[in-house]
Amino acid sequence: STSGLWAVRGGTREIFGIPDDQPVPGRYNINGGASPAIYRSGIGYWSVRSLSACYFGAPGDRVVPGDYDGEGYWRPAVQRPGSGLWAVWGGGRWTMDSGPSLRALPADYNGDGLDEAATFLDSSGRWKIWELTTIYFGIVGDIPATR
C-alpha cells in the first residue's frame, strides 16, 4: 500500500517500506516461507524484512525475483524493457526480447525447480521461455498469470 502497511489475514500487521515502494513478497528465505519485501525503483533499492537489503537495478527496470539458481530461495532480479537485459543479484545476466509492451513472467515452466525467464506479448499471444520454447497461447486483451 502507499502507507507501507503490510497485513496478513488472521496474522500480523506492520509498517515496512515507504510510500511508492513496490511490494515484491516472496520466498527469499531458505526456510521456504514468504517474506515481505520492497523495491524502491528510483534508486534500485531492495529490502527483505528481517533478512537483507541491497541496491540492484535502475529506474524503469521491472522486478522479476525468483529462484534462478536452484538454491531454494528467491534473489532480487530485474528485467530492463529497453534492452531486454535480465539480471539476477549475485548471479546470471542474459538478454532476450525487449520492448515496453512485453510482460516479464518468470516461473518454473518445466518443473525442474528453477525459474526460467519468460515474456508474453499480448498483441500476438506469444510466450517466449528462455532456452525452452516459443508458443502462441492467448488472444489480444488476455492477462497472463504465473506462479
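Placed above this text is the structure.
Caption draft 1: Region of the structure containing the sheet that holds strand β9 (residues 85-88). Taken in spatial order, the 4 strands of this open sheet run β7-β8-β9-β10, and their pairing is antiparallel. Unpaired on one side and paired on the other, β7 (62-63) and β10 (93-95) mark the two borders of the sheet. In this structure, β7 lies alongside strand β8 (residues 77-80), joined through 2 bridges in antiparallel fashion. Residue pairing in the sheet places V63 in a bridge with V78 of β8.

Caption draft 2: Representation of the packing of aromatic side chains. For the structure on display, the rule yields 9 aromatic pairs. Here the aromatic residues Y68, W86, W94 and W130 are joined through ring pairs into a cluster of three or more.

Caption draft 3: Structural view of the pairing of β8. Relative to β9, β8 is paired through 4 bridges, and the arrangement is antiparallel. Its bridge partner lying in β9, V78 is registered against A87. The loop that links β8 with its antiparallel partner β9 comprises 4 residues; one of these, G84, has a positive phi angle of about 80 degrees.

Caption draft 4: Examining the environment of G138 more closely. The residue G138 is located in the segment after β14 (133-136) in this model. Looking at G138, the relative accessible area reads 34%, which means it is partly exposed.

Caption draft 5: Just the environment of Q79, in detail. Mapped onto the secondary structure, Q79 falls in strand β8. Along the sequence, Q79 and A117 sit 38 residues apart, while their C-alpha atoms lie 9.2 Å from each other. Those residues in contact with Q79, other than ones at most four positions away along the chain, are D61, R62, V64, G84, L85, W86, D97 and A104.

Caption draft 6: Representation of the nonpolar core in the model. Membership of the largest hydrophobic core is limited to 12 residues, which are V24, Y28, A37, Y39, W46, V48, C54, F56, V63, W74, V78 and A87. V48 has contacts with F16, Y28, S35, P36 and A37, leaving out every residue within four places of it along the chain. The next biggest cluster of nonpolar side chains, apart from the first, holds 9 residues, and it includes V64, V88, M96 and A104.

Caption draft 7: Representation of the sheet that holds strand β6 (residues 52-55) in the model. Strand order in this open sheet of 4 strands is β3-β4-β5-β6, and the pairing throughout is antiparallel. Only two strands of the sheet have a single neighbouring strand rather than two, namely β3 (22-23) and β6. Bridge count between strand β4 (residues 37-40) and strand β5 (residues 45-48): 4 bridges; the pairing is antiparallel. Bridging from a neighbouring strand, Y39 pairs with W46 of β5.

Caption draft 8: Examining the side chain of S47 more closely. With respect to the helices and strands, the residue S47 is situated in strand β5. Discounting chain neighbours no more than four positions away, the residues touching S47 are F16, P36, A37, I38, S52 and A53.

Caption draft 9: Looking closely at the pattern of salt bridges. One pass over the full model with this rule turns up 4 salt bridges. For R40, the salt bridge identified is with D21, shortest N-O distance 2.7 Å. A residue pair is termed long-range when its members are at least 10 positions apart, and R40 in strand β4 and D21 in the loop between β2 (13-15) and β3 qualify at 19 residues. A cluster of three or more residues bridged by salt bridges with shared partners is formed by D69, E71 and R75.

Criteria and cut-off values
- Residues numbered from 1 in each chain as written.
- Predicted model: local features only at pLDDT ≥ 70, side-chain atom pairs only at ≥ 80, totals over all residues.
- Heavy atoms only, no water.
- Pairing = 2+ DSSP bridges.
- Helix = DSSP H or I, 4+ residues; strand = E, 2+ residues; numbered from the N terminus.
- Phe/Tyr/Trp six-rings, centres within 6.5 Å; stacked < 30°, edge-to-face > 60°.
- Buried < 20%, exposed > 50% of the residue type's maximum accessible area, 1.4 Å probe, protein only.
- Contact = heavy atoms within 4.5 Å.
- Core = buried A, V, L, I, M, F, W, Y, C linked by side-chain atoms within 4.5 Å.
- Salt bridge = Lys/Arg side-chain N within 4 Å of Asp/Glu carboxyl O.

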